[in-house]
Structures are given as C-alpha cells and as structure tokens.
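Each chain, letter by letter, is given below.
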Amino acid sequence: MPVSRDDVEYVAKLARIELTEAEKNTLTSQLSSILGHIETLNELDTKGVEPTFHVLDVKNVFREDEVVPSLPVEEALKNAPARDGGFFKVPKIIE
Amino acid sequence: MVRTGKSETREPSALTAHELRGLMQSGKMTCTEVVRAVFERIDRFDQQIKAYLYLFRETALEGAAHVDEKIKRGDELGAFEGIPVALKDNLCTREGETTCASRMLKGFRAPYDATVVERLANAGAIFIGKTNLDEFAMGSSTENSAFQVTANPWDLTRVPGGSSGGSAAAVAADETIVALGSDTGGSIRQPAALCGIAGLKPTYGRVSRYGLVAFASSLDQIGPMTKDVEDLALMMTVISGKDPRDSTSAEVPVPDYASVLDRDLKGMKLGVPREYFGEGIDAEVRESVERAIDRMRECGAEIVQVSLPNTKYGIPVYYIVANAEASANLARYDGVRYGYRAPDASDTISMYEKTKRSGFGAEVKRRIMLGTYALSSGYYDAYYLKAQKVRTLFRRDFENAFAVCDALIVPTSPTPAFRIGEKTDDPLKMYLSDVYTISANLAGVPALAMPCGYSREGLPIGLQVIAKPFGELTVLRVASAYERHRGFSLRKPPLNGTKAN
C-alpha cells in the first residue's frame, strides 16, 4: 500500500520531527518503496504463531526492594542545555 | 620493532592481544612501547582512514605507565592487562564524549561507563579512543556518520562496512589491538568481513547492554572485533555475564572461551543452508566460502545440507522490528535533558520538532518514520505484530537446523567492500545487503565473522559461523580450527594511500 504525503505528515507529527518539504517528498516515495518490500510478509501464514517479543526466556526480572544510590542530581544535570537550580529548564509547555 | 622469537621482527601494533600479553609479562616489551606504537599508527594513517572520532592519548599513556610499574613490581596482572582497546562511540564512557556519530549528541559526556567498559578496565585494558559509526548504529557502511566517513584500509575509496566501521578499520589498520563494536543487524560481522578481521555477535543476553546507547532493544548486542579468533575468546571471557543493571542479560555462567581453541573439527556436523548460496551473492564470495567449507570437510567435519526456508523474509521482518524499536528508543532525544537543543523554539513541542529536525541525519529520520508508521494505530497488527510472528518462524528454522548440525557456515556480505557513495541513493539497496547477517539477530543466536579469502581485487571476504543460543564455545571451536587450517596466508592492508593491489 503506497504511503501518501498526508501519511508522512501525520507520522512526522507523531514522531515529533519537523520535516522540510523536500524531505516530505523524498520520504513519501522511500517509505512507499520500503513498505512495499515489507508487504511480502503477507505471503506467510502466521495463524496460531506466537509473536517473539523476547528471544530469551526471562520473566519478571526483579531486584530486592531496597534503596540504593542513584545518579546524583549534579551528574544528571551536567549535560543540560538549560537548567534552573535542580531542574531542567525548557520553553513554556502550555499557552 | 621487537624480536618476538620468530624469524621476523614485528611491529607491536601489528600483534594480537594474546601475543602482547606474553611479551609484556616476560619483560620483552613495555606497555608504554605498545601504546606509543598504536598512536604512531594512528598519527600516520588516521587522517586517511578516519576511524577515530576521539582519542584518549594522555590517559592511555598514563595507564600504560601504571601497567609497566605493576609488571616491574611483579604484581598480579589482569586478564587484559595493558591491551589497547578501541571503543565504538555508542558505548558510554565517562571519559571524552559519547556522540553515536550524531549531531544530536555532540558534546555529550556520559555520566557513567558502560558495563563492558568497566569490565575491561578492571581487567587492565588501556582505552585508545572512540571510533566512528553510522549515526546511532543505523547503517551498513559508516557513511551515515554525521562527522566523517571512515575509509576501508584495504582501499580508501571503499567503505569499511557498518555500523561498526570505525572499529573494524582501526583493527584492520593496526590502529588498535582490539576493539568493541555493536551488532543489531550485522554491524559487527559485516564490517569485520569487509575489513578482513574477526568479529563476534554474542547470543542475545550474553553481554550486558548497560551503557550501550539503545537502537533496537531486542536485537542489540555488544561484541569483540579482533585480528584473530583467540582474541575474540579472550575478550568474550572478560565482557560476558549477568549484569543486574541490564535486566535482559542472561543468568548463564561464563565458560573459559579459550578452552576450545585447540580442538579440531572431527565428528562435528556443519550445516550449509541452501538459501544463503542462491541469487544475489557475488561469485567470488560464493567460491571463497565454498572453498572454506571444503577445507572444513578435509579437517574431518561432516557437511550437511540444510534449509532455512524463511531466509528471504528476514529483511522485511528486521526493518519493521528494528525500526519500530528504534522509534521508541530515539524518542528520548528531544533537547530537554542532554544533547542538542534547537535554539529559539517558542514552546516545547516546537523545540522537540526542531531539535529532531537538525539533530538527526537522514537515515535516522527515515528509520524513525518507518518505525512510527509501523507502530501507529491501525498498522500495528499488520506490520509489527506480523513481523514478530515471522520472527518466531525464523527461530524455528534455526532450531530445526541445529537439530541436525552443530553450526552453520554461511557468507557474511553478498559482496566485498563497495565504493563510498555507491549505495547511498537507494536505501532499500543498502538494506538488502544485510540479508546474511540479520537472521542471527532476529533469532538471538551467536554468530562469528572471520576472513576466508580475498577477491581478485585484493578485497577481504568473510564467512560466518553460527550456532544455537549460548553456543559461543561451538562457534569459537569451529572458527579456531578453520583458522589453523585455512590454507591461505592472512594479509595486512597495503597502507600507502593507494588502492589494494
């Protein structure tokens, strides 16, 4: 199923990526071509097949519920593009 | 130059970790000499090869001096004491930057070392620097790095492969003794094959991913890239094992991987899947791998024809699963807490959108878009869920094959190294070159790439040895036996700035 330009704009919004007009054009044709190839999966009958979300047979990997040191605040903030005290600072969120 | 007791004198940077360990311990060479020799190679060749993004020159020399003191005092030495290691730049290090070859993380200083880095450090390793990769490990040529294109040391007009192209080129050019790479769809094995070195993707969960910048969490693994099989085994013993900080790491004991290196192939059954030798494979690659299989037969292995019927569906499955997982993993790069932030955004949503517009390269954006589409409402069942079901069929194919053989022998890349720029116009063409490597990631099985010959143009060709989950001993045993009986001499790249001749 070919991907439309509207699809590309919708997906870009979901992914929070601002695309240029040129990128929207290129991606529309590239995604269509790649997804066209991916549609060969429909040749396979997977009725009754369990999906593999995890190749290892691990479940419920827990640790003891005890307090251990975590990343110090200063370390966590050391790459911050903008900070205010112990907080990351960002442009306004709500109007 | 140092006399190693063999008939030729050899440059320290050209040696392996196991050779150097003996020479340093017996006082025939100092660690400082070795590290200096490695930096001399880098100073001489890396302007052309561009394997490194960042060098740890001072700390490496300090570390070497420290090792030399330990040796002089007769202290107990670590398993990897004094061995120079290069690290792919998607592995977090407190030292230097961790950029993933992306503008998004230029300047990022990781607040912790990856578990594999800690384990090697505790074993005495000396870190030389961070190597180039395709941005966020997305690519098969290292052309997607935001900063530089790494050249193949065998022919500087060709790619080293990817995404661990920097690590592969550094090992091949003796700009390090060993390196670490990561492999999600072939990113250790394909560059290893294209650069004529050895590389191992462990079983999923064998090596902790803590500190590896995530691309596709159900596929990613860190692994060694070295000049020979023994060094792969030595590195695996150091880096493997359960890590409480990676809940996907396996509770499986780590054997002494070097213990199988002197065993032979007698009585072993090696499977050759017909689907890997059909259309699309370069004639020279096929001949080279088939010659290697003949050698293995001569060494006493029984060769068994097998089938992995779903092989051709590997690319579509991989490009849905990997990209879907990537779209989730890369959502965090939003300009809020670290990395690049687009200036002058009026609100947070616009900050996210502009940050991702400028911070990510084209291939990364393409994959995030593909992954987001596949996971979006209305498409999840048709794409992601379907792909994960086909993944189960893949695992069954491997289980069926391993019921009749101990290991599979297959090619790594359909062609030797291609030219820089040759495949960049057509992303699908680039993706299709991953066909022989992705299955091992989808099934979670261990896979080792190693040299099996050279093309008529002098370019390396590599084969893969694949075994069942946690079958690293089998893979290393087969690889080591073949290495001892390969029937041709291993070459070094003709580094003088011109094409391989």
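Structural data are supplied above this passage.
Residues numbered from 1 in each chain as written. Chains lettered and ligands numbered in written order. Predicted model: local features only at pLDDT ≥ 70, side-chain atom pairs only at ≥ 80, totals over all residues.

Quick word on the overall build of chain B
Right, so step 1: Each helix and strand in chain B was counted, giving 15 helices and 13 strands.
Right, so step 2: Radius of gyration (C-alpha) of chain B: 22 Å, near the 23 Å computed for a compact globule of 501 residues.
Right, so step 3: Dimensions of chain B, computed from C-alpha atoms along their principal axes, come out at roughly 65 × 55 × 45 Å.
Right, so step 4: Split into buried and exposed, the 501 residues of chain B put 61% on the buried side.
Right, so step 5: Considering only residue pairs separated by 6 or more positions, chain B has 76% of its internal contacts joining residues 24 or more positions apart. (Helix = DSSP H or I, 4+ residues; strand = E, 2+ residues; numbered from the N terminus. Rg over C-alpha atoms; globule rule 2.2 N^0.38 Å. Buried ≥ 20, exposed ≤ 12 C-beta atoms within 10 Å, placed from the backbone. Contact = placed C-beta atoms within 7 Å.)

Observations regarding the overall build of chain A
Right, so step 1: A tally of helices and strands in chain A yields three helices and two strands.
Right, so step 2: Expressed as lengths along the three principal axes of its C-alpha atoms, the size of chain A is roughly 55 × 45 × 25 Å.

Points about the sheet that holds strand β8 (residues 221-226) of chain B
Residues and elements named next belong to chain B.
Right, so step 1: Strand order in the open sheet formed by 11 strands is β3-β5-β4-β6-β8-β7-β12-β13-β11-β9-β10, with mixed pairing between adjacent strands. At either margin of the open sheet sits one strand with a lone partner, and together these are β3 (52-55) and β10 (302-306). On average, adjacent strands in this sheet sit at an angle of 30° to one another, irrespective of strand direction.
Right, so step 2: In the sheet, strand β6 (residues 178-183) pairs with β8 via five bridges, with the strands oriented antiparallel. (Pairing = 2+ DSSP bridges. Axes fitted to C-alpha atoms, helices over the stretch in contact; angles between N-to-C directions.)

Things to note about the pairing of strand β4 (residues 84-88) of chain B
All names here are of chain B.
Right, so step 1: The buried fraction of β4 amounts to five of the five residues, a majority that puts the element mostly inside the structure.
Right, so step 2: Side chains Pro84, Ala86 and Lys88 project from β4 onto one buried face, and the interleaved Val85 and Leu87 project onto a second face that is buried too.
Right, so step 3: Where β4 meets strand β5 (residues 126-131), five bridges bridge the pair, whose relative direction is parallel. Looking across to β5, one finds that Leu87 is bridged to Lys130.

Description of the nonpolar core
All names here are of chain B.
Right, so step 1: Within the largest apolar cluster, 175 residues are counted, with the highest numbers of intra-cluster contacts made by Val85, Ile126, Ile320, Ala407, Leu448 and Val478.
Right, so step 2: The leading source of residues in this core is helix α9 (residues 314-329), at nine residues.
Right, so step 3: The contact partners of Val85, leaving out residues within four places of it in the chain, are Leu120, Ala125, Ile126, Phe127, Ile128, Thr176, Val178, Ala179 and Leu180. (Core = buried A, V, L, I, M, F, W, Y, C linked by C-beta atoms within 7 Å.)

Structural notes on the interface of chain B and chain A
Right, so step 1: If you look at the interface, chain B gives 55 residues, while chain A gives 40 residues.
Right, so step 2: Secondary structure elements with two or more residues in the side of chain B that touches chain A: α9, α10 (348-359), α11 (362-375), α12 (381-402) and α13 (427-432) of chain B.
Right, so step 3: Among the elements that make up the side of chain B that touches chain A, the one with the highest residue count is α12(B) (11 residues).
Right, so step 4: When its residues are assigned to classes, the side of chain B that touches chain A shows 27 nonpolar, 14 polar and 14 charged. (Nonpolar A, V, L, I, M, F, W, Y, C, P; charged D, E, K, R; others polar.)

A short note on the environment of B:Glu230
All names here are of chain B.
Right, so step 1: Of note, Glu230 is situated in helix α7 (residues 229-239).
Right, so step 2: C-alpha of Glu230 to C-alpha of Leu476: the two residues are 246 residues apart in sequence and 8.3 Å apart in space.
Right, so step 3: In this structure Glu230 touches Thr16, His18, Ala258 and Leu261, once residues within four positions along its chain are discounted.

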